[in-house]
Structure formats: C-alpha cells, structure tokens
Amino acid sequence: MDLMTLLFATAAGLYSLKAARDEWWEGHRASGVFLAVLGPVLPIAAWWIMRLGT
C-alpha cells in the first residue's frame, strides 16, 4: 500500500511538471510556476506522510 501511494504521488508529480510546461508555453506563467513547484513536492510529501505513519 505504501509503495502504491509513493508511485501514485510520483506519477502525479511528473504529470504536474508536464502540465507546468504546457501552461508556461501557453503564456500562463503563474499557474505554470505553481505546477512546477507542486511537481516535486507531491512525492516528497507522500514519503513524509508515510514515514509519520510508521
């Protein structure tokens, strides 16, 4: 279960980075930056929450 959570968060983070690139190229700078910051935070937050649970 924990591994699946981490994999899902990593996939969501990678998708967020792709969405950030798309938003940036469309001229939506603020949402692009937000998604670019959110991308690496998702797997780190999932790992941290899993560590708190054990």
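About the cut-offs
- Residues numbered from 1 in each chain as written.
- Predicted model: local features only at pLDDT ≥ 70, side-chain atom pairs only at ≥ 80, totals over all residues.
- Heavy atoms only, no water.
- Salt bridge = Lys/Arg side-chain N within 4 Å of Asp/Glu carboxyl O.
- Helix = DSSP H or I, 4+ residues; strand = E, 2+ residues; numbered from the N terminus.
- Buried < 20%, exposed > 50% of the residue type's maximum accessible area, 1.4 Å probe, protein only.
- Patch = residues over 30% accessible without salt bridge, like charges linked within 9 Å, V, L, I, M, F, W, Y side chains within 5 Å.
- Areas by Shrake-Rupley, 256 points an atom, 1.4 Å probe, with all protein chains shown as cover.
- Contact = heavy atoms within 4.5 Å.
- Axes fitted to C-alpha atoms, helices over the stretch in contact; angles between N-to-C directions.
- Parallel < 35°, antiparallel > 145°, perpendicular 65-115°, else oblique.
- Nonpolar A, V, L, I, M, F, W, Y, C, P; charged D, E, K, R; others polar.
- Expected span 1.5 Å × (residues − 1).

1. What about the pattern of salt bridges?
A pair can form between side chains of opposite charge whenever their charged atoms are brought close.
Here's step 1: Per the counting criterion, the structure on display carries two salt bridges.
Here's step 2: Lysine 18 serves as the salt-bridge partner of aspartate 22, at 2.6 Å between the closest nitrogen and oxygen. Within this pair, aspartate 22 and its partner lysine 18 are both found in helix H1 (residues 2-25), separated by four residues, close to a single helical turn.
Here's step 3: With its nearest N and O atoms 3.3 Å apart, the salt bridge here joins aspartate 22 to arginine 21.
Here's step 4: Its relative accessible area of 47% is what places arginine 21 among the partly exposed residues.
Here's step 5: Several salt bridges converge on common partners, so that one network encompasses Lys18, Arg21 and Asp22.

2. Quick notes on a nonpolar patch on the surface
Here's step 1: A cluster of nonpolar side chains, namely Trp24, Val33, Val37 and Val41, defines an oily patch on the protein surface of about 350 Å² accessible area.
Here's step 2: Looking at the nonpolar patch, the element that brings in the most residues is helix H2 (residues 29-53), giving three residues.
Here's step 3: Turning to its location among the elements, valine 37 is positioned in helix H2.

3. Description of the side chain of serine 16
Here's step 1: Examined against the element boundaries, serine 16 turns out to sit in helix H1.
Here's step 2: Once you skip the residues sitting within four places of it in the chain, serine 16 turns out to touch Leu35, Leu38 and Gly39.

4. With respect to the packing of H1 against H2
Here's step 1: One can describe the packing of H1 onto H2 by two numbers: an axis separation of 7 Å at closest approach and a directional angle of 170°. In terms of orientation, H1 and H2 fall into the roughly antiparallel class.
Here's step 2: In the contact of H1 with H2, the residues fall into 17 nonpolar, seven polar and three charged.

5. So, H1
Owing to its 3.6 residues per turn, the α-helix aligns residues three or four sequence positions apart on the same side.
Here's step 1: With 24 residues, H1 should reach 34 Å at 1.5 Å per residue; the first-to-last C-alpha distance of 35 Å fits that figure.
Here's step 2: Within H1 the residues assigned to the buried category are Ala9, Gly13, Ser16, Ala19 and Ala20.
Here's step 3: Buried positions along H1 lie against H2.
Here's step 4: Directly after H1, the chain includes glycine 27, whose backbone phi takes a positive value near 100°.

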